[in-house]
Amino acid sequence: MSSATYTQPTNQGFRHYLTDVSNAARAFAAALFAAQERQFITQEVALKPTQNDRARMRSHRKLIVLANAYQHMHPSLAAELRNLAARG
């Protein structure tokens, strides 16, 4: 006759797993926030020179002329060019 013994598994392995996961999450969060801090370095921003009214009107006229040239071949392109010209 044979006898079988049943031993109940302990939660030691699961506890170590949770400890490892929490340590990894903590290290990941620390690395993520450390990278975020280095990202926000003040930089000089170069401002675009303002475009005067005469140059803006010249660009507007060029877009309208270009739209008129494409009206017969590509009406949707001509409409888009007029839309861009209207934005200013």
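Everything numeric in this text was worked out from a predicted model, so none of it was measured. (Residues numbered from 1 in each chain as written. Predicted model: local features only at pLDDT ≥ 70, side-chain atom pairs only at ≥ 80, totals over all residues. Heavy atoms only, no water.)

Asker: What am I meant to see in the overall build of the protein chain here?
Answerer: Along its length, the protein chain carries three helices and zero strands. Secondary structure of the protein chain in N-to-C order comes out as α-α-α. Expressed as a percentage of its 88 residues, the buried residues of the protein chain come to 6%. Only carbon and sulfur atoms are counted for the fraction: they give 59% of the accessible area of the protein chain, which is about 8,600 Å². (Helix = DSSP H or I, 4+ residues; strand = E, 2+ residues; numbered from the N terminus. Buried < 20%, exposed > 50% of the residue type's maximum accessible area, 1.4 Å probe, protein only. Areas by Shrake-Rupley, 256 points an atom, 1.4 Å probe, with all protein chains shown as cover.)

Asker: Can you walk me through a nonpolar patch on the surface in this structure?
Answerer: There is a patch of nonpolar side chains on the surface, built from L66, Y70, M73 and L77 and spanning about 350 Å² of accessible area. Mapped onto the elements, L77 comes out in helix α3 (residues 75–87). (Patch = residues over 30% accessible without salt bridge, like charges linked within 9 Å, V, L, I, M, F, W, Y side chains within 5 Å. Salt bridge = Lys/Arg side-chain N within 4 Å of Asp/Glu carboxyl O.)

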